[in-house]
Amino acid sequence: GPSPSDPRGRRSDAPPTLDLVDEPILGLAGDGSLRVANGAAWRLLDRGETLVLQQGLPVPVDPGLRQRWRRVLHDVQLGRRRLLCGPGPHARPILLRPGTGDARVVVRVGRDPAARRLALACYAESIGLTGQETRVLEGLVDGATPADIAARHGVSLCTVRTQIRAMIDKAGAS
């Protein structure tokens with residue numbers, strides 16, 4: 001069938017189901033050129049948030065990340081996954097992983113931190129986490145270790161581990 005297009009009429013070979021994903025997803029060729037993008041990715045590129053198109057190549061807006069971009073693309077093509085996070089509290093994470101076919105690199109741009117916090121709060125409420133368990137979960141999602149979380153909240157490491165176990169039990173993932 002016909003390929004979906006982004007809002008400005010650019011052709012995309014993304015499968016229609018990819019547009020159901022509300023996070024930006026891009027497929028890049030080995031040279032870094034854009035091969036596939038869902039609607040969320042086109043909107044992100046059009047707004048110049050996190051990634052922009054320069055001569056057909058998606059690149060990070062942040063100059064520091066832009067300097068590392070080519071090396072990261074190379075690492076991903078060697079089979080490694082990479083996570084890039086720009087500076088500042090509103091930076092969106094960029095996950096890069098190996099792809100297949102023409103899309104040698106798959107790029108997923110995470111939610112903005114405010115949306116992520118809201119989704120996390122809704123999830124915590126849905127499984128009945130306490131306020132302290134929710135704060136521990138937020139720390140884990142942000143990449144903190146249990147020891148970091150214990151120090152930040154002024155509790156023992158044993159307490160944080162107990163809270164993690166309680167979260168796992170409430171999520172039914174034990």
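Scroll up a little and you will see the structure.
## Digging into the sheet that holds strand β1 (residues 25-28)
Taken together, the five strands give an open sheet; going across it, the order is β2-β1-β7-β6-β5, and neighbouring strands pair in antiparallel fashion. In this open sheet, the two strands that pair with only one neighbour each are β2 (34-37) and β5 (82-84). Averaged over neighbouring strand pairs, the angle between their axes works out to 25° when direction is ignored. Bridge count between β1 and strand β7 (residues 103-109): four bridges; the pairing is antiparallel. Bridge pairing in β7 places Leu26 opposite Val107. Sheet contacts for helix α1 (residues 39-47): β1, β2 and β7; angle to β2, the most-contacted strand, approximately 115°. Running over the sheet, helix α2 (residues 63-77) touches β1, β5, β6 (94-100) and β7 and is turned about 35° from β6.

## Structural notes on the packing of helix α3 (residues 113-126) against helix α4 (residues 131-141)
Closest axis-to-axis distance for the α3/α4 pair is 10 Å, and the angle between their directions is 140°. Here α3 is positioned oblique relative to α4, judged by the angle of their axes. Judged by the twist between their axes, the crossing of α3 over α4 is right-handed. Listed contacts from α4 to Arg116, Arg117, Leu120, Tyr123 and Ala124 of α3 are Thr134, Leu137, Glu138 and Val141. Looking at the contact of α3 with α4, its residues break down into five nonpolar, one polar and three charged.

## Section: the pattern of salt bridges
All chains considered together, the criterion is met by eight salt bridges. Note that Asp75 is salt-bridged to Arg82, the shortest N-O span being 3.5 Å. Arg165 is paired through a salt bridge with Asp169; the nearest N and O atoms lie 3.3 Å apart. Of this pair, Arg165 and Asp169 both sit in helix α6 (residues 157-171), four residues apart, which is roughly one turn of that helix. The exposure class assigned to Arg165 is partly exposed, which follows from its relative accessible area of 43%.

## Things to note about the pairing of β7
In terms of burial, β7 is largely enclosed, as five of its seven residues are buried. Here β6 pairs with β7 via six bridges, running antiparallel. Counterpart to Thr100 in the pairing with β7 is Ala103. Where β6 folds back on β7, the antiparallel hairpin that results is connected by two residues, among which Gly101 adopts a positive phi of roughly 55°.

## Considering the environment of Ala144
Note that Ala144 resides in the loop between α4 and α5 (146-153). With relative accessibility at 12%, the residue Ala144 sits in the buried group. On a C-alpha basis, the gap between Ala144 and Leu118 in space is 19 Å, while along the polypeptide they are 26 residues apart.

## Quick word on the nonpolar core
Judged by nonpolar contacts, the single largest core of 22 residues is most densely connected at Leu26, Leu28, Leu51, Trp69, Ile94, Leu96 and Val107. Counting only elements with at least two residues in this core, the list comes to β1, β2, α1, β3 (51-54), α2, β6 and β7. If you tally residues by element for this core, the top one is α2, at five residues. Core analysis: the second largest hydrophobic core is formed by 11 residues, Leu120, Leu129, Ile149 and Ala150 among them.

## Regarding α1
Gly39, Ala40, Ala41, Trp42, Leu44 and Leu45 are the residues of α1 that are buried. On its buried side, α1 packs onto β1, β2, β3 and β7. Two residues or fewer past α1, Gly48 is found with a positive phi of approximately 70°.

Rules behind the numbers
Residues numbered from 1 in each chain as written. Predicted model: local features only at pLDDT ≥ 70, side-chain atom pairs only at ≥ 80, totals over all residues. Heavy atoms only, no water. Pairing = 2+ DSSP bridges. Helix = DSSP H or I, 4+ residues; strand = E, 2+ residues; numbered from the N terminus. Axes fitted to C-alpha atoms, helices over the stretch in contact; angles between N-to-C directions. Contact = heavy atoms within 4.5 Å. Parallel < 35°, antiparallel > 145°, perpendicular 65-115°, else oblique. Left-handed = near helix turned anticlockwise from the far one by under 90°. Nonpolar A, V, L, I, M, F, W, Y, C, P; charged D, E, K, R; others polar. Salt bridge = Lys/Arg side-chain N within 4 Å of Asp/Glu carboxyl O. Buried < 20%, exposed > 50% of the residue type's maximum accessible area, 1.4 Å probe, protein only. Core = buried A, V, L, I, M, F, W, Y, C linked by side-chain atoms within 4.5 Å.

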